[in-house]
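Spelled out, the chains give:
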Amino acid sequence: MNDPLKKLCWDDLRVVKAIGELGSLSAAAAQIGVNASTVFRRLGEIEKLLELSLFERRRQGYVATPVGAELVALAQRLEIDIVAVTRRLAGLDQELAGALRIATSDGLATFLLMPVIAGFTRLHPAVRIEMVIGNDALNLARGETDIAVRATDNPPETMVGRRIADIGWAPYGRRSDFAGGPPGPERSGPGPSGPGHPDPDRLADHMWASFCDELAGLKVTRLIDTIVPPERIVFRTNSVQGMAAAISAGVGVGYLPCMTGDMIPDLVRIGPADPALADALWLLTHPDLRKSGRVHTFLEYCATMLARRRSFIEGRSSP
């Protein structure tokens, strides 16, 4: 008996998977790297080969039929299997050459990781660094990244790595608004109240900037929502760099990682770094990749360089 499924290749399943996950021909085309007309043509050819309808066109987009949903699930399982084999082979690669994909957030990338990466590439110029900036956790099972540098108290159980430090957080204001504020991180708290010196008991009276979306669960976000009246929170962002820019522009006061706020001349701490608000800084990878030459060498180098800046990361010293 002739089985049409045997005639399908991975490229066919990849098209079905992209349409099923994204619900749009244009979005699927962008993910695959072709144009929408090509995806439309390929879908027609696959459905003709199978003599089955895989998707229904509805107002909200392409919705998989029961048969289509089974093929999407099959493609997802195959992708994980393919990536797992590729990753295991990569874990055997001891060469210090090729691409190394690192996922992190904008706040960690800008002031903390860039000097580390600059030093690493000078030592190992054959390694090409690809950095993915965002707060979402990328799927290591699908091979979306090799290394993750994350601020989290609960790293995924599917990843291995090491805890480097605790990231200190403190409230910051625009320096011109707090000209007489505390001069630096070595102070245990804000200066005495008075002109230019913020009263720690009156910080809630200022206009505030806070976080939203993926950063809504931060300890500092929950603290601000607790102590600051809602009408005084005039700005929210899902970006640490966006928060720093907002405070620098005078939108309001807000919390920043000390390693970000202390590096920006326009900003000044207006309160102490509270250990209860700290997040753990982790270097993470997949177990299959930890012995890869590129991954292992970068993790060791990065851990050594960041350990030297631990007091800075934790907000206990100047940059």
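Anyway, here's the lowdown on the structure attached to this text.

Scoring rules and cut-offs
- Residues numbered from 1 in each chain as written.
- Predicted model: local features only at pLDDT ≥ 70, side-chain atom pairs only at ≥ 80, totals over all residues.
- Heavy atoms only, no water.
- Pairing = 2+ DSSP bridges.
- Helix = DSSP H or I, 4+ residues; strand = E, 2+ residues; numbered from the N terminus.
- Core = buried A, V, L, I, M, F, W, Y, C linked by side-chain atoms within 4.5 Å.
- Buried < 20%, exposed > 50% of the residue type's maximum accessible area, 1.4 Å probe, protein only.
- Contact = heavy atoms within 4.5 Å.
- 1 Å grid on protein atoms, 1.4 Å probe; cavity = no way out; pocket = protein on both sides within 12 Å on 5 of 7 lines; lining within 4 Å.
- Points joined across faces, edges and corners; volume = space filled by probe spheres on them.
- Polar contact = N/O pair within 3.5 Å; in protein donor to acceptor, adjacent residues only side chain to side chain.
- Axes fitted to C-alpha atoms, helices over the stretch in contact; angles between N-to-C directions.
- Parallel < 35°, antiparallel > 145°, perpendicular 65-115°, else oblique.
- Left-handed = near helix turned anticlockwise from the far one by under 90°.
- Nonpolar A, V, L, I, M, F, W, Y, C, P; charged D, E, K, R; others polar.
- Salt bridge = Lys/Arg side-chain N within 4 Å of Asp/Glu carboxyl O.

## Looking at the pairing of strand 1 (residues 55–58)
- In the sheet, strand 1 pairs with strand 2 (residues 61–64) via 4 bridges, with the strands oriented antiparallel. Along strand 2, the bridge assignment pairs Arg-57 with Tyr-62.
- Counted along the chain from strand 1 to the antiparallel partner strand 2, the turn is 2 residues long.

## Comments concerning the nonpolar core
- With 55 residues, the main nonpolar core has Leu-281 and Leu-306 as its most contacted residues.
- Look past the residues within four positions of Leu-306 in its chain and what remains in contact with it is Leu-112, Leu-113, Val-116, Ile-164, Leu-281, Leu-283 and Ile-313.
- Listed in part, the 20 residues of the second largest apolar core include Leu-8, Val-39, Tyr-62 and Val-72.

## Description of the layout of surface pockets
- Taken as a whole, the largest pocket spans an internal volume of roughly 700 Å³.
- For the largest pocket, the lining is made up of 33 residues, of which Asn-135, Arg-150, Ala-151, Thr-152 and Leu-218 are closest to its centre.

## Considerations on the side chain of Arg-294
- For Arg-294, the position within the fold is in helix 9 (residues 293–307).
- Taking relative accessible area as the criterion, Arg-294 reaches 12% and is therefore assigned buried.
- In this structure the side chain of Arg-294 is engaged in a polar contact, spanning 3.2 Å, whose partner is the backbone oxygen of Ala-99.

## A short note on the sheet that holds strand 7 (residues 169–174)
- If you walk across this open sheet you meet the 3 strands as 10-7-11, and the pairing is antiparallel. Here the strands that pair on one side only, and so sit at the sheet edges, are strand 10 (254–257) and strand 11 (267–269). Between one strand axis and the next, the sheet turns through 50° on average, direction left out of account.
- Of the strand pairs in this sheet, strand 7 and strand 10 are connected by 4 bridges, and their pairing is antiparallel. Note on strand 10: the bridge partner recorded for Ala-170 is Leu-256.
- Along the sheet, helix 7 (residues 240–249) contacts strand 7, strand 10 and strand 11; its crossing angle with strand 10, the most-contacted strand, is approximately 130°.

## Regarding the packing of helix 1 (residues 10–22) against helix 2 (residues 25–32)
- Viewed as axis vectors pointing N to C, helix 1 and helix 2 meet at an angle of 130°, and their least axial separation amounts to 8 Å. Classified by the angle between their axes, helix 1 and helix 2 sit oblique to one another. Between helix 1 and helix 2 the crossing geometry is right-handed. Where helix 1 approaches helix 2, its residues Arg-14, Val-15, Lys-17, Ala-18, Ile-19 and Leu-22 are matched on the opposing element by Leu-25, Ala-27, Ala-28, Gln-31 and Ile-32.
- The residue makeup of the contact of helix 1 with helix 2, split by class, is 8 nonpolar, 1 polar and 2 charged.

## What about the pattern of salt bridges?
- Applying the stated rule across the entire model yields 14 salt bridges.
- The partner of Glu-45 in a salt bridge is Arg-41, with the nearest N and O atoms 3.1 Å apart. Note that Glu-45 and Arg-41 are positioned in helix 3 (residues 36–50) at a spacing of 4 residues, about one turn of the helix.
- Across the pair Asp-166 and Arg-163 runs a salt bridge, and its minimum N-O distance is 2.5 Å.
- A residue is classified by how much of its surface remains accessible, and Asp-166, at 27% relative accessible area, is partly exposed.
- A relative accessible area of 49% places Arg-163 in the partly exposed class.
- Each of the salt bridges in this network shares a partner with another, and the network as a whole consists of Arg-310, Glu-314 and Arg-316.

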